[in-house]
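Inside the fold
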Amino acid sequence: MRSQWLVIGGARSGKSAYAERLAQSHPGELVYVATGEPGDEEMRSRIAHHRQRRGGKWRTIEEPIALAHVLRKECRAGRFVLVDCMTLWISNLLLADKPIPDAVEELCKLLPQLDGALVLVSNEVGLGIVPDNALARRFRDEAGFANQQIAAACSHVVFIVAGLPLRLKG
Amino acid sequence: MRSQWLVIGGARSGKSAYAERLAQSHPGELVYVATGEPGDEEMRSRIAHHRQRRGGKWRTIEEPIALAHVLRKECRAGRFVLVDCMTLWISNLLLADKPIPDAVEELCKLLPQLDGALVLVSNEVGLGIVPDNALARRFRDEAGFANQQIAAACSHVVFIVAGLPLRLKG
Amino acid sequence: MRSQWLVIGGARSGKSAYAERLAQSHPGELVYVATGEPGDEEMRSRIAHHRQRRGGKWRTIEEPIALAHVLRKECRAGRFVLVDCMTLWISNLLLADKPIPDAVEELCKLLPQLDGALVLVSNEVGLGIVPDNALARRFRDEAGFANQQIAAACSHVVFIVAGLPLRLKG
């Protein structure tokens, strides 16, 4: 049985913790796909914080770009795969100058073919003032479009505010 | 019968597409009121993108400022009028140094007198960090107050996240 | 009977007005705890605006830092206490270089021991683009974590958009 979740929320909204709780009663193998790269001190500290909270039950895969490839390989019946997060993946694609709409489309076409439980964590970044710089505006646009398409392809979507879920779909 | 919607969401949240889908089964004439002015390349590209998605079924009116005047003229039984978007209208009023609270009040008093279906699209812009510059803070304040008053005057309000609606009213 | 609300929303979302309406039918004494300091003209004007809307029925206490101390003293059976807002409190702690997680934990441990009705107003600030400057990023992180913990400790949580509530808890 397929079950694909998009867990979307703001920075420090508790979306990762919510996504990890979805795995709690899962009997199968837990796979954590980290799209963030430990580039600077802040990011290293965030990654360490997340890793500590998850504990030792997860097998971790780091993949900044080739997400569809990893999911095709890892998602299967009886497994629980969590990707944290889609927004860093979009950011990585942007910085590597990859065509983002193509990558999002490839991913969204793949989703219905995958087996097992999959949870995608993403940031909503479009609810503030228009950013001053053009790259931030482009990132905001790409992330927003990606979230719409991924939400359309998932069976369940929740919006997290202050650690609590608002059910958008499923 | 009156039906007045506020469709509110972030940048690239799918709010315009959602608003346009509300028109899909409407039997009457479709009128699109664009408040944005094709000032720069980015805005021109956005306007072209929206126009292409809507297709040829809509009559389009461009009006950056005198929105109440246009709605008084265009809204009538059997018609579907979509305004995209209220936030650009607020921004236009601000840049033209018009009294925004007066304009919002005039609009909100007008709404109960209008016939037909009316959908107002707006941005929520207050969910990020306080902006550095004073004009952005003032815009954020004016847009937020306007959204509250327009929501109070509409029969239906939905908040769009990742293309999916959360029902706030109606 | 205990009733503890977190009312969370964006800037100019109508969260304070919503919080004040919760007090309308309350038969007991109304206490308003203001965490903002009238440091500059903008803040003075906001404080005056809020004070005018509340009218004369409230007893007002100003406390930028020692919030737990005030609540321990003021919250009791039959009273309605409103704190506006938690985000300014976090900001005050940050600027005074106080340990924020400790202060939040102290507050959250205190909540179950308090009697009467308590409403905490807070801003969601994590739904925009990552801020450029490190202090803003730290503030966003601290405010987000605080909101999660306070939401977990409250009996009721609502998210306000355009003046309208989305029920998150209770």
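Residues numbered from 1 in each chain as written. Chains lettered and ligands numbered in written order. Predicted model: local features only at pLDDT ≥ 70, side-chain atom pairs only at ≥ 80, totals over all residues. Heavy atoms only, no water.

1. Remarks on the relation of the copies chain C and chain A
Inclusion rule: A least-squares fit on C-alpha atoms brings the copies together, and the residues used are those whose pLDDT is at least 70 in both copies.
Aligned on chain A, chain C shows an RMSD of 0.0 Å; the corresponding rotation is 120 degrees and the shift along the axis is 0.0 Å. Those values place the two copies in the arrangement expected of a three-fold rotation axis. Looking at the rotation axis and the C-alpha trace of chain C, the residue lying nearest is Gly-128 of chain C, at 2.5 Å.

2. A look at the interface of chain A and chain B
The condition that has to hold: Contacts are assigned to residue pairs with any non-hydrogen atoms lying within 4.5 Å of each other. In this description, buried area is defined as the sum, over both parts, of the accessible area (probe of 1.4 Å) that is lost when the two are combined. The salt bridge criterion pairs a side-chain nitrogen of Lys or Arg with a carboxyl oxygen of Asp or Glu, the two atoms within 4 Å. In protein, a polar contact means a hydrogen-donor-capable atom and an acceptor-capable atom, both N or O and within 3.5 Å, with residues adjacent in sequence counting only if both atoms are side-chain atoms; elsewhere, any N or O pair within 3.5 Å suffices. Where helices and strands are cited, they refer to DSSP runs of H or I of at least four residues and of E of at least two residues respectively, numbered from the N terminus. For this scheme, ten residues count as nonpolar: Ala, Val, Leu, Ile, Met, Phe, Trp, Tyr, Cys and Pro. Four count as charged, namely Asp, Glu, Lys and Arg, and the remainder, Gly too, count as polar.
Contacts between chain A and chain B engage 20 residues on the former and 25 residues on the latter. Both sides together, the interface formed by chain A and chain B hides about 1,800 Å², and carbon and sulfur atoms give 67% of it. Of all residues in chain A, the largest losses of buried area upon contact with chain B belong to Leu-127, Ile-129 and Leu-168 of chain A, amounting jointly to 38% of the total for that side. For the pair chain A and chain B, the interface holds 1 salt bridge. Asp-141 of chain A is paired through a salt bridge with Arg-12 of chain B; the nearest N and O atoms lie 3.0 Å apart. On the surface where chain A and chain B come into contact, there are 5 residue pairs in polar contact (both at pLDDT 80 or more). Elements with a minimum of two residues in the side of chain A that touches chain B: α6 (134-153), β6 (156-161) and β7 (164-169) of chain A. Broken down by element, the side of chain A that touches chain B gets its largest block of residues, 8 residues, from α6 of chain A. Considering only residue class, the side of chain A that touches chain B consists of 9 nonpolar, 5 polar and 6 charged.

3. So, the nonpolar core
For the record, the criterion: Only buried residues count toward a nonpolar core, which is a set of Ala, Val, Leu, Ile, Met, Phe, Trp, Tyr and Cys residues joined through side-chain atoms within 4.5 Å. Note on exposure labels: buried denotes an accessible area under 20% of the residue type's maximum, exposed denotes more than 50%, and partly exposed covers the range between, all computed with a 1.4 Å probe on protein chains only.
In this structure, Leu-71 and Phe-159 of chain A, Leu-71 and Phe-159 of chain B together with Leu-71 and Phe-159 of chain C are the most contacted members of the largest nonpolar core, which totals 128 residues. If we ignore the near neighbours within four places in the chain, the residues touching Leu-71 of chain B are Val-81, Val-83, Leu-107, Leu-110, Leu-114 and Leu-118 of chain B.

4. Some thoughts on the packing of aromatic side chains
Defined as follows: Geometry of aromatic contacts follows a simple scheme: Phe, Tyr and Trp rings, the Trp one being its six-membered ring, pair when their centres are within 6.5 Å, and the pair is stacked under 30 degrees between planes, edge-to-face over 60, tilted otherwise. Our definition puts a charge over a ring when NZ of Lys or CZ of Arg is within 6 Å of the ring centre and also within 35 degrees of the ring normal.
The final tally for this structure, using the stated rule, is 9 aromatic pairs over all chains. On the numbers, 6.0 Å between centres and 85 degrees between planes, the contact of Tyr-32 of chain A with Trp-58 of chain A is edge-to-face. Of this pair, Tyr-32 of chain A sits in strand β2 (residues 30-34) while Trp-58 of chain A sits in strand β3 (residues 58-62), placing them 26 residues apart in sequence. Look at Tyr-32 of chain A and you get buried, because its relative accessible area is 4%. Under the relative-accessibility criterion, Trp-58 of chain A is labelled buried at 10%. Among the aromatic side chains, those forming a connected cluster through ring pairs are Tyr-32, Trp-58 and Phe-80 of chain A. For the cation-ring pair, Arg-54 of chain B lies above Tyr-32 of chain B, with the distance from its terminal atom to the ring centre recorded as 3.2 Å.

5. Concerning the sheet that holds strand β3 (residues 58-62) of chain B
Residue and element names in this part refer to chain B. To keep it simple, the criterion reads: For two strands to be treated as a pair, DSSP must find no fewer than two bridges joining them. In this analysis an axis means a line fitted to C-alpha atoms, helices contributing only their contacting stretch, and an angle means the value between N-to-C directions, from 0 to 180 degrees.
Pairing is mixed in the open sheet, where 7 strands are placed in the order β3-β2-β4-β5-β1-β6-β7. Single-partner strands in this sheet number two, and they are β3 and β7 (164-169). With strand direction ignored, the average angle separating the axes of adjacent strands in the sheet is 20 degrees. Of the strand pairs in this sheet, strand β6 (residues 156-161) and β7 are connected by 5 bridges, and their pairing is antiparallel. Residue pairing in the sheet places Val-157 in a bridge with Lys-169 of β7.

6. Here we look at the sheet that holds strand β1 (residues 3-9) of chain A
All names here are of chain A. Read from one edge of the open sheet, 7 strands run β3-β2-β4-β5-β1-β6-β7, paired in mixed fashion. Since the sheet does not close on itself, it has two edges, and those belong to β3 and β7, each with one partner. Pairwise comparison of adjacent strand axes, ignoring direction, gives a mean angle of 20 degrees for this sheet. As paired strands, strand β4 (residues 80-84) and strand β5 (residues 117-123) are joined by 5 bridges and run parallel to one another. Across the sheet, Leu-82 pairs through a bridge with Val-119, a residue of β5. Across the sheet, helix α3 (residues 67-74) lies against β2, β3, β4 and β5, angled at about 165 degrees from β4, the strand it touches most. Strand contacts of helix α4 (residues 86-95): β4 and β5, with the helix running at about 65 degrees to β5, the strand carrying the most contacts.

7. A few points about the pairing of strand β5 (residues 117-123) of chain C
Residues and elements named next belong to chain C. Burial of β5 is extensive: 7 of the 7 residues sit out of reach of the surface. Alternating positions in β5 separate into two faces, Ala-117, Val-119, Val-121 and Asn-123 on one and Leu-118, Leu-120 and Ser-122 on the other, with burial throughout. Inspection of the sheet shows strand β1 (residues 3-9) paired to β5 by 7 bridges, in the parallel sense. Bridge pairing links Ile-8 to Ser-122 in β5.

8. Observations concerning the interface of chain C and chain A
If you look at the interface, chain C gives 20 residues, while chain A gives 25 residues. Carbon and sulfur atoms make up 67% of the area that chain C and chain A hide from each other, which totals about 1,800 Å². When the buried surface of chain C facing chain A is broken down by residue, Leu-127, Ile-129 and Leu-168 of chain C rank first, second and third, together holding 37% of it. Applying the counting rule to chain C against chain A returns 1 salt bridge.

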